[in-house]
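The residues making up each chain are set out below.
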Amino acid sequence: MIAPQFFIEKLQSEGVEFFTGVPDSLLKNVCAYITDHFDDKHNIIAANEGGAVALAAGYHLATGKVGCVYMQNSGEGNAVNPLASLTDREVYHIPLLLLIGWRGRPGVHDEPQHVKQGKVTTGLLNVMGINYEVLSKEEDVAAKQIEKAINSIRETGDAFALVVEKDTFDNYTLLNTVKNPYEMSREEAIRMVAASIPSNAVIVSTTGMISRELFEYRTAMGQGHERDFLTVGSMGHASQIALGIALQHPERKVYCFDGDGASIMHMGNMAIVGSRRPANYVHIVFNNGAHDSVGGQPTVGHDIDLVAIARAMHYERAVSVSTPTQLREALDNTQDEGLLLIEVRVKKGNRKDLGRPTTTPIQNKEALMAFLK
Ligand SMILES: Cc1ncc(C[n+]2csc(CCOP(=O)(O)OP(=O)(O)O)c2C)c(N)n1
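Residues numbered from 1 in each chain as written. Predicted model: local features only at pLDDT ≥ 70, side-chain atom pairs only at ≥ 80, totals over all residues. Heavy atoms only, no water.

Looking at the overall build of the protein chain
- Counting its secondary structure elements, the protein chain contains 14 helices and 14 strands.
- Taken over C-alpha atoms, the radius of gyration comes to 21 Å for the protein chain, in line with the 21 Å a tight globule of 373 residues would show.
- Once the C-alpha set of the protein chain is aligned to its principal axes, its extents read approximately 60 × 40 × 40 Å.
- Scored against the burial criterion, the 373 residues of the protein chain give a buried share of 54%.
- Within the protein chain, contacts between residues at least 6 apart in sequence are counted, and of these 79% link residues at least 24 apart.
- Carbon and sulfur atoms make up 52% of the accessible area of the protein chain, which amounts to about 16,000 Å² in all. (Helix = DSSP H or I, 4+ residues; strand = E, 2+ residues; numbered from the N terminus. Rg over C-alpha atoms; globule rule 2.2 N^0.38 Å. Buried < 20%, exposed > 50% of the residue type's maximum accessible area, 1.4 Å probe, protein only. Contact = heavy atoms within 4.5 Å. Areas by Shrake-Rupley, 256 points an atom, 1.4 Å probe, with all protein chains shown as cover.)

Some points on the site of the ligand
- Around the ligand sit 22 residues in total, of which E49, R186, G261, A290 and S293 are the nearest.
- Between the ligand and G261 there is a distance of 2.7 Å, counted from an oxygen atom to a backbone nitrogen or oxygen.
- For the ligand, whose accessible area on its own is 590 Å², the fraction buried by protein is 96%.
- Of all the secondary-structure elements, those providing two or more residues to the shell around the ligand are α10 (260-265) and β11 (290-291).
- In terms of residue count, the dominant contributor to the shell around the ligand is α10 (4 residues).
- By residue class, the composition of the shell around the ligand is 8 nonpolar, 10 polar and 4 charged. (Near = heavy atom within 4 Å. Polar contact = N/O pair within 3.5 Å; in protein donor to acceptor, adjacent residues only side chain to side chain. Nonpolar A, V, L, I, M, F, W, Y, C, P; charged D, E, K, R; others polar.)

Let's talk about the pattern of salt bridges
- All told, the structure shown has 18 salt bridges when counted by the stated rule.
- With a closest N to O distance of 2.6 Å, R103 and D110 form a salt bridge. The same class applies to R103 and to D110, which are both buried.
- A salt bridge links R191 to E187, with the shortest nitrogen-to-oxygen separation between them at 3.7 Å. Here the residue R191 and the residue E187 both occupy positions in helix α7 (residues 186-196), the gap between them amounting to 4 residues, near one helical turn.
- With relative accessibility at 29%, the residue R191 sits in the partly exposed group. (Salt bridge = Lys/Arg side-chain N within 4 Å of Asp/Glu carboxyl O.)

Points about the sheet that holds strand β2 (residues 43-45)
- In space, the 6 strands of this open sheet follow the order β2-β1-β3-β4-β6-β5, with parallel pairing throughout. The outermost strands of the open sheet, each flanked by one partner alone, are β2 and β5 (131-134). Taking the axes of each pair of neighbouring strands and ignoring which way they run, one obtains an average angle of 20° across the sheet.
- For β5 and strand β6 (residues 160-164), the ladder comprises 4 bridges, and the chain directions are parallel. Bridging across to β6, Y132 finds its partner in A161. (Pairing = 2+ DSSP bridges. Axes fitted to C-alpha atoms, helices over the stretch in contact; angles between N-to-C directions.)

What to know about the sheet that holds strand β7 (residues 202-205)
- The strand order across the open sheet formed by 6 strands is β8-β7-β9-β10-β14-β13, and the pairing between neighbours is parallel. Each of the sheet's edge strands pairs with one partner strand only, and the pair in question is β8 (228-230) and β13 (317-321). For this sheet, the mean angle separating the axes of adjacent strands, direction not counted, is 15°.
- Two strands pair when backbone bridges link them, and β13 and strand β14 (residues 340-345) are joined in this way by 5 bridges, in the parallel orientation. Following the sheet pairing, S320 is matched in β14 by E343.
- Along the sheet, α7 contacts β9 (254-259), β10 (281-287) and β14; its crossing angle with β10, the most-contacted strand, is approximately 165°.

Thoughts on the pairing of β6
- β6 sits mainly inside the fold: 5 of its 5 residues count as buried.
- Burial along β6 is two-sided: F160, L162 and V164 facing one way and A161 and V163 facing the other are all buried.
- Note: strand β4 (residues 96-101) against β6, 5 bridges, orientation parallel. Following the sheet pairing, L99 is matched in β6 by L162.

A look at the side chain of Q117
- When you line up the elements, Q117 lands in helix α5 (residues 112-128).
- Polar side-chain contacts of Q117 include one of 2.9 Å to the side chain of E76.
- Setting aside residues no more than four positions away along its own chain, Q117 makes contact with N73, S74, E76 and L124.

Focus: the side chain of R345
- Summarising the element assignment, R345 is placed in strand β14.
- A polar contact is formed between the side chain of R345 and the side chain of Y182, at a distance of 3.1 Å.
- In terms of polar contacts, R345 uses its side chain to reach the side chain of E343, at 3.2 Å.
- When near neighbours in sequence (up to four residues on either side) are disregarded, R345 contacts Y182, N287, G301, H302, I304, S320, V321 and S322.

Worth remembering: the numbers are spatial, not functional.
Given below as structure tokens:
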């Protein structure tokens, strides 16, 4: 395995000293090391992977240097547009190093949302004309690959990707954990909200532990899972799935269980919800100020005012709560009609024995569609 410190110091010795991206579980240790060792001008956790590519482009325009963009392979899709229409040699020809966590690598068991993306990860790079190496787990070989990558970038001016398999990096524990002041756990808040919704309501929940905690709540209560659409992939888009349902089923309440990382990733989606103002839509953002599901790296969730954003985007009502009593009061208001946002500020962390959905995505979809009929 590679020590995160070894990897990053090797990149620094090759002149790479600017990092930006969206954290990934396979890159968790290296992302934590970057978070601890680079200031906020040299490590920017971006809203989404496309934004990260553009940030690295801006850094290059300002310095002539090569930035490193880290991401899970799920983020390749977000990055394709700026890679093809900004940094590519047929456009502005801006060099950058990509570090891509390879979830769902063929032959390695992974969750369903990673299977297709895992199959197309290197194919997408090929079709984009981006050279890559699958990073070795041996430090001396990896060091040579880094030299090769940087030489290629310098000679061609093109992007180069290092693709990272599971268990490539050694452990590194994030030191700079900012402990937020909130006491309620996300799971406690999820349970309270799920227990309060009418029996004909639908929940569309976001990627990561929010969906896992909702799934476990239903199981623990002996309930079925047919009312919940667990958006296991497609991070940042749960609010639009919920909008698509809410507009066609005005007789039902539709809840979106969102994360701060996910809602920030595609924040424009909130403007579209606001523009349609569905009276049966309740948007709940469980805001722990972190990408908790992939290692707890910070988001800007606690530096922004989600209530003001929602109001500016024409949500009729928006409140922020952080205690069970406040949440209970806010939930009492969900009985009324009118587009509503509830921001629930929660602490970081999760139960260590948290399971994963045992139903497949297709089973989930079919059960929900039957329920909606
Ligand atoms: C496009 C994309 N980029 C990155 C990921 C990896 N990923 C899965 S969950 C997650 C964090 C979600 O954070 P947030 O929405 O704040 O919810 P939390 O985990 O904190 O509850 C990330 C980055 C992904 N699934 N898709």
